[in-house]
Amino acid sequence: MEANFWHQRWSKNEIAFHEREANPFLVEYSKKLNLREGSRVFVPLCGKTLDIHWLLSKGYRVAGAELSKIAIEQLFGELGVKPKVESFGELDRYSAENIEVFTGDIFDLSNGILGSVDAIYDRAALVALPEKMRDHYTAHLMEITGKSPQLLVCYVYDQSLMDGPPFSIQEDEVRRHYSKDYELKLLESKKVAGGLKKSPAKENVWLLEKI
């Protein structure tokens, strides 16, 4: 999607995609990433997700990337901390104890700026991007993270019945993006209660482990 689309969604508070509790798949399957206390988890296109609160509560460090400064200012407000803000080229870094979030275009984020991460948690990034951007995104994500292990949550539905986001990411697409570099395991496939905008849908949870 164009950046303006997401800026407008946040400025108008049109954030129905924002979950009101930690994602149950993260709670259930984060242990599959074999993280230790203090491990650094990268959350791309993170918004102000409560998943960050949960990760911090478990003793992990969090790095995020998000287009909207509104989202990140709300995130730190809800965390109850005042961030330090620094500029890194086209990006701004909001940071506090155990957390830093880079605001701006994720494609401006490099490995040198991000630093090393132990795992990736992608619940809202791949599904937020139209098909023409997903090849670029997945290649960029692997480049900046050193192909760290990943917990990936995708929606699957008949794309002809509704427009994204969230977009439908079928199994063959996940494998096309990632199978050359990762061993892929489908951990769970669960029906979405009520579907997506009345379209029947499932959520697939993938574990990606570097080959």
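Preceding this paragraph is the structure being described.
Basis of the calculations
Residues numbered from 1 in each chain as written. Predicted model: local features only at pLDDT ≥ 70, side-chain atom pairs only at ≥ 80, totals over all residues. Heavy atoms only, no water. Pairing = 2+ DSSP bridges. Helix = DSSP H or I, 4+ residues; strand = E, 2+ residues; numbered from the N terminus. Axes fitted to C-alpha atoms, helices over the stretch in contact; angles between N-to-C directions. Contact = heavy atoms within 4.5 Å. Buried < 20%, exposed > 50% of the residue type's maximum accessible area, 1.4 Å probe, protein only. Parallel < 35°, antiparallel > 145°, perpendicular 65-115°, else oblique. Left-handed = near helix turned anticlockwise from the far one by under 90°. Core = buried A, V, L, I, M, F, W, Y, C linked by side-chain atoms within 4.5 Å. Arc of directions from axis to C-beta. Polar contact = N/O pair within 3.5 Å; in protein donor to acceptor, adjacent residues only side chain to side chain. Phe/Tyr/Trp six-rings, centres within 6.5 Å; stacked < 30°, edge-to-face > 60°.

Just checking my understanding: could you explain the sheet that holds strand S5 (residues 99-103) for this structure?
Within a beta sheet, neighbouring strands are joined by backbone hydrogen bonds and run either parallel or antiparallel to one another. The strand order across the open sheet formed by nine strands is S3-S4-S5-S2-S1-S6-S7-S9-S8, and the pairing between neighbours is mixed. The sheet is open, and its two edges are formed by strand S3 (84-88) and strand S8 (182-191), each paired on a single side. Strand-to-strand twist of the sheet, defined as the mean angle between neighbouring strand axes without regard to direction, takes the value 20 degrees. The pairing of strand S1 (residues 40-44) with strand S6 (residues 119-122) spans two bridges and is classified as parallel. Bridging from a neighbouring strand, Phe42 pairs with Ile120 of S6. Against the sheet, helix H3 (residues 50-57) engages S1, strand S2 (61-66), S5 and S6, with an angle of about 160 degrees to S2. Lying over the sheet, helix H6 (residues 131-145) contacts S1, S6, strand S7 (150-157) and S8, oriented at roughly 160 degrees with respect to S1.

Is there a simple way to think about unusual backbone geometry in this case?
The phi torsion of most residues other than glycine is negative, and most of the peptide bonds are trans. Put simply, Gly164 and Pro165 share a cis peptide bond, and its omega is -5 degrees. Along the chain, the position of Pro165 falls in the loop between S7 and helix H7 (171-178). Of note, the bond from Pro165 into Pro166 is cis; its omega dihedral lies within 30 degrees of zero at 0 degrees. Backbone geometry places Asn34, a non-glycine residue, at a positive phi of 55 degrees. Along the polypeptide, Asn34 turns up in the loop between helix H2 (24-29) and S1. Even without a glycine there, the phi angle at Asn98 is positive, about 70 degrees. Turning to its location among the elements, Asn98 is positioned in the loop between strand S4 (91-96) and S5. Here Asn98 falls in the partly exposed class, since its relative accessible area comes to 41%.

How do you make sense of the packing of H6 against H7 when you look at a structure like this?
When two helices pack together, their arrangement is given by the angle between the helix axes and by the axis-to-axis distance. Relative to each other, H6 and H7 sit at 45 degrees, their axes nearing to 10 Å. One element, H6, and the other, H7, form an angle in the oblique class. Note on packing geometry: the crossing formed by H6 with H7 is right-handed. Across the interface between the two elements, Arg134, Asp135, Tyr137, Thr138, Leu141 and Met142 from H6 touch Glu173, Arg176, His177 and Tyr178 from H7.

Sorry, what's going on with the nonpolar core here?
Soluble globular proteins tend to pack their nonpolar side chains together in the buried interior. In this structure, Phe42 and Tyr178 are the most contacted members of the largest nonpolar core, which totals 33 residues. At the level of elements, S2, H6, S7, H7, S8 and strand S9 (201-210) are the ones that each hand at least two residues to this core. Residue contacts for Tyr178: discarding those within four places in its chain leaves Tyr137, Thr138, Leu141, Met142, Gln150, Leu152, Leu184 and Leu208. With 26 residues, the next largest nonpolar core counts Tyr60, Leu75, Val101 and Leu207 among its residues.

Quick question: what am I supposed to make of the environment of Lys190 here?
Within the secondary structure layout, Lys190 lies in strand S8. Taking the relative accessible area as the measure of exposure, Lys190 reaches 46% and is therefore partly exposed. Each C-alpha atom, one on Lys190 and one on Glu28, is 13 Å from the other, the two residues being 162 residues apart in sequence.

Whenever I open this one, H3 confuses me. Can you help?
Every α-helix winds through 3.6 residues per turn, so residues three or four apart in the chain are directed the same way. Taken together, the buried positions of H3 are occupied by Asp51, Ile52, Trp54 and Leu55. Buried residues along H3 cover an arc of 160 degrees about the axis, so they all sit on one side. The secondary structure elements touched by the buried residues of H3 are H2, S1, S2, helix H4 (69-79), S5 and S6. For H3, the side-chain oxygen to backbone nitrogen distance between the N-cap and Asp51 is 3.0 Å, and the N-cap itself is Thr49. Of the residues one or two after H3, Gly59 is the one with positive phi, at around 90 degrees.

I tried to follow the packing of aromatic side chains on my own but got confused; where do I start?
The geometry of an aromatic ring pair is captured by two quantities: the separation of the ring centres and the angle between the planes. Under the defined criterion, the tally for this structure stands at three aromatic pairs. Plain terms: the ring middles of Phe88 and Phe102 are 6.2 Å apart, the flat faces sit at 85 degrees to each other, and that makes the pair edge-to-face. Linking Phe88 in strand S3 with Phe102 in strand S5, this pair joins segments that are 14 residues apart in sequence. Judged by its relative accessible area of 28%, Phe88 falls in the partly exposed class. Residue Phe102 is classed as buried on the basis of its relative accessible area, which comes to 1%.

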